[in-house]
Amino acid sequence: MLAENLENWAQQERKEGEKLGIEKTARNLLKLGVLSDEQIVEATDLALDDVAKLRTEGKR
């Protein structure tokens, strides 16, 4: 049971780390200002809403 819980925790941490890396990539693509939100969605597999949120974050 403990080993299973640790494995589940490790998997969640990996997924969170991957998501953070993908979001960082999307932020960098947004900074370049060359791609549309739809193109960034294609490149990162993020949802269009997530890319739009990242775009508004960058304008603050």
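Computed from a prediction, not measured in an experiment: that's the story for all the values here. (Residues numbered from 1 in each chain as written. Predicted model: local features only at pLDDT ≥ 70, side-chain atom pairs only at ≥ 80, totals over all residues. Heavy atoms only, no water.)

Some words on the overall build of the protein
In terms of regular secondary structure, the protein is built from three helices and zero strands. Traced from its N-terminal end to its C-terminal end, the protein shows the element sequence α-α-α. If you line up the protein on its principal axes, its C-alpha atoms span 50 × 25 × 15 Å. Burial statistics for the protein: of 60 residues in total, 18% are counted as buried. Counting contacts in the protein only where the partners sit at least 6 residues apart, residues at least 24 apart contribute 21% of the total. Here the protein contributes 10 positive and 13 negative side-chain charges, whose respective centroids are spaced 7 Å apart. (Helix = DSSP H or I, 4+ residues; strand = E, 2+ residues; numbered from the N terminus. Buried < 20%, exposed > 50% of the residue type's maximum accessible area, 1.4 Å probe, protein only. Contact = heavy atoms within 4.5 Å. Lys, Arg positive; Asp, Glu negative; His and termini not counted. Charge placed at Lys NZ, Arg CZ, Asp CG, Glu CD.)

Observations regarding the packing of helix H2 (residues 37-44) against helix H3 (residues 48-58)
In contact at an axis separation of 9 Å, H2 and H3 are set at 115° when each is read in the N-to-C sense. Crossing hand, H2 versus H3: right-handed. Mapping the contact onto sequence places Asp 37, Glu 38, Ile 40 and Val 41 in H2 and Leu 48, Val 51, Ala 52 and Arg 55 in H3. The residue makeup of the contact of H2 with H3, split by class, is five nonpolar, no polar and three charged. (Axes fitted to C-alpha atoms, helices over the stretch in contact; angles between N-to-C directions. Left-handed = near helix turned anticlockwise from the far one by under 90°. Nonpolar A, V, L, I, M, F, W, Y, C, P; charged D, E, K, R; others polar.)

Some details on the pattern of salt bridges
The full count for this structure, using the stated rule, is four salt bridges. Here Arg 27 makes a salt bridge to Glu 57, at a shortest N to O gap of 3.3 Å. One end of the pair, Arg 27, is in helix H1 (residues 2-32); the other, Glu 57, is in helix H3, and 30 residues separate them in sequence. Since its relative accessible area comes to 39%, Glu 57 is described here as partly exposed. (Salt bridge = Lys/Arg side-chain N within 4 Å of Asp/Glu carboxyl O.)

No statement about biological role is implied by the geometric values presented.
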